[in-house]
Amino acid sequence: MFETFRNAWKIADLRKKLLFTLFIVIIFRIGAAIPVPFIDADSLKALMDDMSANSSNLLGYFNMISGGGLEKATLFAMSITPYINASIIIQLLTVAIPPLERMAKEGEEGRKRIAQITRYTTIALGLIQATAYFFYLKQSDILVYDEGGALVFSAFVIILVLTAGSALMMWLGEQINEKGIGNGISILLFAGIVSRGPSMVMQLYQYLQLGGQYYILVPVVVIIFILIIAFIVLMTDAERRIPVQYAKRVVGRKMYGGQSTHIPVKVNMSGVLPIIFASSFLSIPSTIDMFVNQTPGGFWDGFFNAFSPSGALYAILYFLLIIFFSYFYVSIQYNPIEMANNLKKNNGAIPGIRPGKPTSDFISRIISKVVLIGALFLGVIAILPIVFGALTGMGGLSLGGTSILIVVGVAIETVRQIESQMLMRHYKGFLE
């Protein structure tokens, strides 16, 4: 990876793109340090001190991917979660609503219109999310002004600033796509998560100062962290290749086809989305619990405690939901019947499998098996911090789950994009 960046730095055009991307990331980190007005930051920090150990509710999840911006009530406190949610919603609606599906198939013009709809949806979701965050702050007595016209004015400013912060982050990501090395939204998400690295190192150091069993557990944490990264890299690159043979055909005096190729089926086809879906779904009870005062020892108090992130029920449901959402996402993204029809139209066939329905059934079985392996991989990565924290009592360490999966995935994808841009600039045509 470092060799790729070093070679890219030698090319003037890529060097400008790298510097521009770094400039945007610096702007993002500056914005992540600018506080939103009319919020008592010290009281908010005290209230959300346990968020690093409890990332199961929505606020904890937002705090993780915003690089701690939510607990500090900064300009980019909501990070790019409105854009991620808007992209997922529009992607699902594209499959369900025929006009959007036709728009997505209209080429470059259709993609621009889909992107514009996604932007508007992002603003709407950001406004809703900022409003909910404001009411949470008001209920928790975190606001500087809590009554009268000052409260109304502060509500307007806080909601507007948080929504504008999300829109600005979306714009910064698009600038990286246009003038930088690409993958803009993911790079900003990567920067926010990586910024939490020093706090994790400090936590390990504090555990090490306690002595005793932590002299063994802290090195074990570091080893597990390295092994998780290696495992994620291995599974990210893994794929199942379905062999395809194209028949020869004569057009005029030329012969086409006859070559052998394959259809690559990635093991982790859905990426980190199943984890995001599952964590958002399971965060609903704990998020409701934050807004509702329950009687200690009552039924609802016990009900919400059952969904505690450190409990066995939460881990089991988390694992099962990840598997379910993995199958759900792949089912709307891959259509075996359409794949089989495309092979048939291009005179292609899978060796030993008849064209038509047998081919679609074969592809469906292959995808089903591969998705199961990918879903189990995501499930293990997601619940590993919960299991490790329950066994050792070392909570609040980002050993796996969404954070490492995003960081490693973005790093691999960014390196691939840089390599592809380098290849375009060094490709030797037939005239050379």
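As the structure is a computational prediction, the values presented were derived from the model and not from experiment. (Residues numbered from 1 in each chain as written. Predicted model: local features only at pLDDT ≥ 70, side-chain atom pairs only at ≥ 80, totals over all residues. Heavy atoms only, no water.)

Visitor: So what exactly am I meant to see when it comes to the overall build of the protein here?
Guide: Each helix and strand counted, the protein has 17 helices and five strands in total. Per-residue burial over the protein gives 43% buried out of 432 residues. A sequence separation of at least 24 residues applies to 73% of the contacts in the protein between residues at least 6 apart. (Helix = DSSP H or I, 4+ residues; strand = E, 2+ residues; numbered from the N terminus. Buried < 20%, exposed > 50% of the residue type's maximum accessible area, 1.4 Å probe, protein only. Contact = heavy atoms within 4.5 Å.)

Visitor: Quick question: what am I supposed to make of the side chain of Thr-21 here?
Guide: Locating Thr-21 in the fold gives a position in helix α2 (residues 12-31). At a separation of 3.3 Å, a polar atom in the side chain of Thr-21 contacts the main-chain amide nitrogen of Ile-181. With sequence-adjacent residues up to four places away left out, Thr-21 is seen in contact with Ile-176, Gly-180, Ile-181 and Ile-187. (Polar contact = N/O pair within 3.5 Å; in protein donor to acceptor, adjacent residues only side chain to side chain.)

Visitor: Even after reading the chapter, I still don't get the packing of aromatic side chains, so can you show me in this structure?
Guide: Both the distance between ring centres and the angle between the ring planes are used here to describe each pair of aromatic rings. In this structure the tally under the stated criterion is nine aromatic pairs. On the numbers, 6.4 Å between centres and 15° between planes, the contact of Phe-324 with Phe-328 is stacked. With Phe-324 and Phe-328 both in helix α14 (residues 312-333), this residue pair falls four residues apart, about one helical turn. By way of ring pairs, the aromatic residues Phe-38, Tyr-145 and Phe-153 are connected into one cluster. Above the ring of Phe-28, the side-chain terminus of Arg-29 is found at 5.4 Å from the ring centroid. (Phe/Tyr/Trp six-rings, centres within 6.5 Å; stacked < 30°, edge-to-face > 60°. Lys NZ or Arg CZ within 6 Å of the ring centre and 35° of its normal.)

Visitor: Quick question: what am I supposed to make of the nonpolar core here?
Guide: Side chains of a nonpolar character, in soluble globular proteins, are inclined to be buried together. Counting 79 residues, the largest nonpolar core has Ile-232, Ile-242, Ile-275, Tyr-318, Ile-367 and Met-394 as its most contacted members. Among the elements that take part in this core, helix α16 (residues 357-392) stands out by supplying 13 residues, more than any other. Setting aside chain neighbours within four positions, we find Ile-242 in contact with Thr-261, His-262, Ile-263, Val-265, Ile-350, Phe-362, Ile-363 and Ile-366. Ile-39, Phe-134, Leu-151 and Ile-159 belong to the second-largest nonpolar core, a separate cluster that totals 19 residues. (Core = buried A, V, L, I, M, F, W, Y, C linked by side-chain atoms within 4.5 Å.)

Visitor: I keep staring at the environment of Ile-117 and nothing clicks. Help me out?
Guide: On the secondary structure map, Ile-117 appears in helix α7 (residues 108-139). Overall, Ile-117 belongs to the partly exposed group, its relative accessible area being 28%. Spatially, the C-alpha atom of Ile-117 lies 9.1 Å from that of Ala-86, the residues being 31 residues apart in sequence. The residues touching Ile-117, leaving out its near neighbours within four places in the chain, are Ile-90, Leu-100 and Met-103.

Visitor: What is the right way to read the packing of α2 against helix α9 (residues 184-194) from this model?
Guide: Think of two packed helices as two axes; the pair is described by the angle between the axes and how far apart they sit. Their axes nearest at 10 Å, the elements α2 and α9 cross at an angle of 50°. The angle between the axes of α2 and α9 places the two elements in the oblique class. The way α2 lies across α9 gives a crossing that is right-handed. Where α2 approaches α9, its residues Thr-21, Ile-24, Val-25, Phe-28 and Arg-29 are matched on the opposing element by Ile-187, Leu-188, Ala-191 and Gly-192. Here the residues of the contact of α2 with α9 sort into six nonpolar, two polar and one charged. (Axes fitted to C-alpha atoms, helices over the stretch in contact; angles between N-to-C directions. Parallel < 35°, antiparallel > 145°, perpendicular 65-115°, else oblique. Left-handed = near helix turned anticlockwise from the far one by under 90°. Nonpolar A, V, L, I, M, F, W, Y, C, P; charged D, E, K, R; others polar.)

Visitor: Explain the pairing of strand β1 (residues 239-246) here, please?
Guide: Along any regular strand, the residues point their side chains to alternate faces of the sheet. Of the strand pairs in this sheet, β1 and strand β4 (residues 260-266) are connected by seven bridges, and their pairing is antiparallel. Along β4, the bridge assignment pairs Ile-242 with Ile-263. With two bridges joining them, β1 and strand β5 (residues 348-349) adopt antiparallel strand pairing. Considered in β5, the bridge of Gln-245 is made with Ala-349. (Pairing = 2+ DSSP bridges.)

Visitor: Any chance you could explain the confidence of the model for the protein here in plain terms?
Guide: Mean pLDDT over the protein works out to 80, with 85% of the residues at or above the 70 mark. Summarising per-element confidence for the protein, the mean pLDDT is lowest in strand β3 (residues 254-256) (63) and highest in helix α8 (residues 148-179) (91). Here residues 52-56 is a poorly scored stretch, pLDDT under 50, and it has 14 contacts once near neighbours within four places are set aside; other chains count. This model gives residues 428-432 a pLDDT under 50, and the stretch forms one contact once residues within four places in sequence are excluded. (pLDDT = per-residue confidence, 0-100.)

Visitor: Where do I start with the sheet that holds β1 in this structure?
Guide: Within a beta sheet, neighbouring strands are joined by backbone hydrogen bonds and run either parallel or antiparallel to one another. Pairing within the open sheet is antiparallel, and its three strands lie in the order β4-β1-β5. At either margin of the open sheet sits one strand with a lone partner, and together these are β4 and β5. Seen against the sheet, α16 touches β1 and β4 and runs at an angle of roughly 165° to β1.

Visitor: For this particular structure, what's the right way to read the pattern of salt bridges?
Guide: Working definition: two side chains of opposite charge can pair if their charged atoms are close together. Enumeration over the complete set of coordinates arrives at five salt bridges. Where Glu-239 meets Arg-241, a salt bridge forms, and the shortest distance between an N and an O atom there is 2.8 Å. A salt bridge links Asp-361 to Lys-357; its shortest N-O distance comes to 2.9 Å. Of this pair, Asp-361 and Lys-357 both sit in helix α16, four residues apart, which is roughly one turn of that helix. Overall, Asp-361 belongs to the partly exposed group, its relative accessible area being 30%. (Salt bridge = Lys/Arg side-chain N within 4 Å of Asp/Glu carboxyl O.)

Visitor: Please explain unusual backbone geometry as it appears in this structure.
Guide: Although it is not a glycine, Phe-38 sits at a positive phi angle of roughly 70°. We note that Ser-79 has phi near 55°; this positive angle belongs to a residue other than glycine.

Visitor: What is the right way to read the side chain of Thr-121 from this model?
Guide: Tracing the backbone through its elements, the reader meets Thr-121 in helix α7. Residue Thr-121 is classed as buried on the basis of its relative accessible area, which comes to 19%. Beyond its immediate sequence surroundings of up to four residues, Thr-121 is in contact with Ala-86 and Ile-90.

Visitor: What should I look at first to understand α9 in this one?
Guide: Residues lying three or four places apart along an α-helix face the same way, a consequence of the helix completing one turn every 3.6 residues. For α9, a buried count of eight out of eleven residues is recorded, marking the element as mostly surrounded by other parts of the structure. For α9, every residue scored as buried is listed here: Gly-184, Ile-185, Ile-187, Leu-188, Leu-189, Ala-191, Gly-192 and Ile-193.

Visitor: What is the right way to look at α14 in this model?
Guide: For α14, which comprises 22 residues, the first-to-last C-alpha distance of 32 Å matches the rise-based estimate of 32 Å (1.5 Å per residue) to within 8%. Looking only at α14, the buried set comprises Tyr-314, Ala-315, Tyr-318, Leu-321, Ile-322, Ile-323, Phe-325, Ser-326, Tyr-329 and Val-330. (Expected span 1.5 Å × (residues − 1).)

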